[in-house]
Amino acid sequence: MLDAKVFLKLLQLDLKAHPPGAPILKVHLTAIPARPRATQGGLFLPPTPEPEKLELTLARIAGMVGEDKVGSLELLDSYRPEAFRMQRFVPREPAGNAEKTDGCAPSAPITALRMFRPPLRVTVRLREGKPVHVICPKRKEIQGEILWLAGPWRSSGDWWEQDGWARDEWDIAIPSSVTSHQLPAKNHYQSSLALYRLVRDLLSGHWFVEGTYD
């Protein structure tokens, strides 16, 4: 960075976030030499923000929401659902069309799980230990007889901590709220089903719908 004004603003924002506990007597500055940045924009790629402006924006956001809430997510090596930690944000170069040049044929369609945040509390009726009917008070479309299910997949961890967890996961299919006249004839059966991720918290005994597949 060669812009003194940007550097001064970053310093002011840092002092505001970490005010000194006593009067300042001296200030030590360390300059680390770096190679000049060489940037080359792509014809079909959106321009990336200037690093100086990006640093100022991140510093202002951190001052409002907290430093631990700004950055890039890093998945942890854990079976706990959505276990992650925040790291310093470092922009990466776009991958471009690398995935299209590997010479491989297109794979089968991928099913995505869209998470509900927070998970939806549901009431589940069991038969022989398996869920057969689900009702969600907050979303009327998530209710009905379970026509197909897979599972359970049981996982647990951190039992030595206060926030230990244990859960059973099911994939279920229930009738969709889409009426029959809205569905194509050839895809009537597939389109009339809705797929969800059903979870039972084994510690509390509560049931949740964690997300929907599409």
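Just above sits the structure.
What comes next is a walk through the structure. These figures come from a predicted structure and were not determined experimentally.

Criteria and cut-off values
Residues numbered from 1 in each chain as written. Predicted model: local features only at pLDDT ≥ 70, side-chain atom pairs only at ≥ 80, totals over all residues. Heavy atoms only, no water. Helix = DSSP H or I, 4+ residues; strand = E, 2+ residues; numbered from the N terminus. Polar contact = N/O pair within 3.5 Å; in protein donor to acceptor, adjacent residues only side chain to side chain. Contact = heavy atoms within 4.5 Å. Expected span 1.5 Å × (residues − 1). Buried < 20%, exposed > 50% of the residue type's maximum accessible area, 1.4 Å probe, protein only. Pairing = 2+ DSSP bridges.

**Focus on the side chain of Glu169**
Along the chain, Glu169 falls in strand β7 (residues 165-175). Among the polar contacts made by the side chain of Glu169, one reaches the side chain of Arg167 at a distance of 2.7 Å. The contacts of Glu169, once residues within four sequence positions are left out, are Ala150, Gly151, Pro152, Trp153, Arg197, Leu198 and Val199.

**Some thoughts on helix α2 (residues 51-65)**
For α2, with 15 residues, the first-to-last C-alpha span of 21 Å sits near the 21 Å given by 1.5 Å per residue. Residues of α2 that are buried include every one of Glu52, Leu54, Leu56 and Ala62, and no others. Those residues of α2 that are buried are in contact with α1 (4-17). The first or second residue beyond α2 is Gly66, which carries a positive phi of 105°.

**Some words on the environment of Gly66**
Note on placement: Gly66 falls in the loop between α2 and β1 (72-75). The exposure class of Gly66 is partly exposed, given its relative accessible area of 22%. As a C-alpha pair, Gly66 and Ala17 span 49 residues in sequence and 8.8 Å in three-dimensional space.

**Quick notes on α1**
Helix length check: α1 (14 residues) gives 20 Å between terminal C-alpha atoms against 20 Å at 1.5 Å per residue, within 8%. Here the buried face of α1 lies against α2.

**Notes on the pairing of β7**
The buried fraction of β7 amounts to ten of the eleven residues, a majority that puts the element mostly inside the structure. Pairing of β7 with strand β8 (residues 193-201), which is carried by nine bridges, proceeds in the antiparallel orientation. Each residue of the ladder has a partner; that of Glu169, found in β8, is Val199.

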